[in-house]
Amino acid sequence: MQSTTSHSWFFWAALSAVFAALTAIFAKVGIQGVDSDLATLVRTVIIVFVLTAFVWATGKWSNPLQLPGKTWIFLALSALATGASWVCYFRALQLGEASQVAPVDKFSLVLVAVFAFVFLGERPSGTGWLGIALVAAGVVVLALRR
C-alpha cells in the first residue's frame, strides 16, 4: 500500500462522490425500458473491461492467483455485497426518483460507521457520531419528503 498524506484520502473520496452522483443520473436514464438486472450486468461487464485495461496500462497487473486465501475470501464477500447493492440500487432507481433513491443508498455511510465500530474496532469521536446521526436524519428527511 502506498503511503498517503493526511488529506489525500479526501480528494479521492470527494471524486468518488462525484462519480457516484453521476452514476445515479446516468443509470436512471439508462435503465428506462430495460430490465434493471440486465442493466446491472451490462454495467458490470463494462467495468471489468475498463478496470482490466486500467490496471494493465498503469503497470499494476500481477497474478491474482498469488493473492493470499484470506484476501480472496474477503474480496469475494465484497464482490457479492457490491453485486447485491447494485441489483437493489438499479431496481430502486427503476421504481423511484433518483433524488430519493440516492440519499437512501447513502445510508450506507451510517451503516459503515456502525459496522466499522463493531467489526473493526474503529471509534469515532463524539463529533463524528453527531455527524453520522445528522446524515441518518438527512436520509430520512430526503426519503420521506413527499
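Cut-off values and rules
Residues take numbers from 1 onward in each chain, read along the sequence in its written order. Thresholds applied to this predicted model are a pLDDT of at least 70 for local features of residues and 80 or more for the giving and counting of side-chain atom pairs; totals over whole chains, interfaces and linings are not thresholded and use all residues. Just so you know, side-chain values use all the structure's heavy atoms and leave hydrogens and water out. Numbering of helices and strands runs from the N terminus; a helix is a DSSP stretch of H or I covering at least four residues, while a strand is a stretch of E covering at least two. Here, expected helix span is obtained from the residue count minus one, scaled by 1.5 Å. Summary of the burial criterion: residues with accessible area below 20% of their type's maximum are buried, those above 50% are exposed, and those between are partly exposed, where the area comes from a 1.4 Å probe applied to protein chains only. Arc definition: it is the arc formed by the directions from the helix axis to the C-beta atoms. Contacts: residue pairs with any heavy atoms within 4.5 Å of one another. UniProt positions are given in the numbering used here, feature names are shortened, and annotations may be inferred rather than shown by experiment. The criterion is simple. A nonpolar core is a set of buried Ala, Val, Leu, Ile, Met, Phe, Trp, Tyr and Cys residues joined through side-chain atoms within 4.5 Å. What counts as a domain boundary in this text is fixed by an automatic or database domain assignment. What goes into a patch is any residue over 30% in relative accessible area without a salt bridge, connected to like charges within 9 Å or, for nonpolar side chains (Val, Leu, Ile, Met, Phe, Trp, Tyr), within 5 Å. Accessible surface is estimated by sampling points in the Shrake-Rupley manner with a 1.4 Å probe; for residues, cover comes only from the protein chains shown. Criterion for a salt bridge: a side-chain nitrogen of Lys or Arg within 4 Å of a carboxyl oxygen of Asp or Glu.

Focus on helix α6 (residues 126-143)
An α-helix turns once per 3.6 residues; consequently, residues spaced three or four apart project the same way.
Thought 1: Taking 1.5 Å of rise per residue, 18 residues should cover 26 Å, and α6 covers 26 Å from first to last C-alpha, within 8% of that figure.
Thought 2: If you check which residues of α6 are buried, you get Ile132, Ala136 and Val139. For α6, the buried positions fall inside an angular range of 55° around the axis, keeping them on one side. Residues of α6 that are exposed and angled more than 90 degrees away from the buried face: Gly126, Thr127, Leu130, Leu134 and Val141.
Thought 3: Buried-residue contacts for α6 involve α4 (98-105) and α5 (108-120).

Some thoughts on the UniProt feature "domain: EamA" (unreviewed entry) in the protein chain
Thought 1: UniProt annotation of "domain: EamA" (unreviewed entry) refers to residues 8-143 when read in the numbering used here.
Thought 2: Structurally, residues 8-143 is divided into 82% helix and 0% strand, and its ends, taken at the C-alpha atoms, are 32 Å apart.

Structural notes on the nonpolar core
Thought 1: The biggest cluster of nonpolar side chains holds ten residues, and these are Ala24, Ala27, Ile31, Ala39, Tyr89, Phe90, Leu93, Ala98, Val101 and Ala102.
Thought 2: Elements represented by at least two residues in this core include exactly α1 (8-30), α3 (69-95) and α4.
Thought 3: Looking at this core, you find at least three residues from each of domain 1 (7-95) and domain 2 (97-145).
Thought 4: In this structure, Ile31 is in contact with Ala39, Phe90, Leu93 and Gln94, ignoring residues within four places of it in sequence.

Observations regarding a nonpolar patch on the surface
Thought 1: A grouping of Leu111, Val114, Phe115, Phe117, Val118, Phe119, Leu120 and Trp129 is seen on the molecular surface, where their side chains present a nonpolar patch of about 780 Å² in accessible area.
Thought 2: No other element matches α5, which puts seven residues into the nonpolar patch.
Thought 3: Here Phe119 shows up in helix α5.

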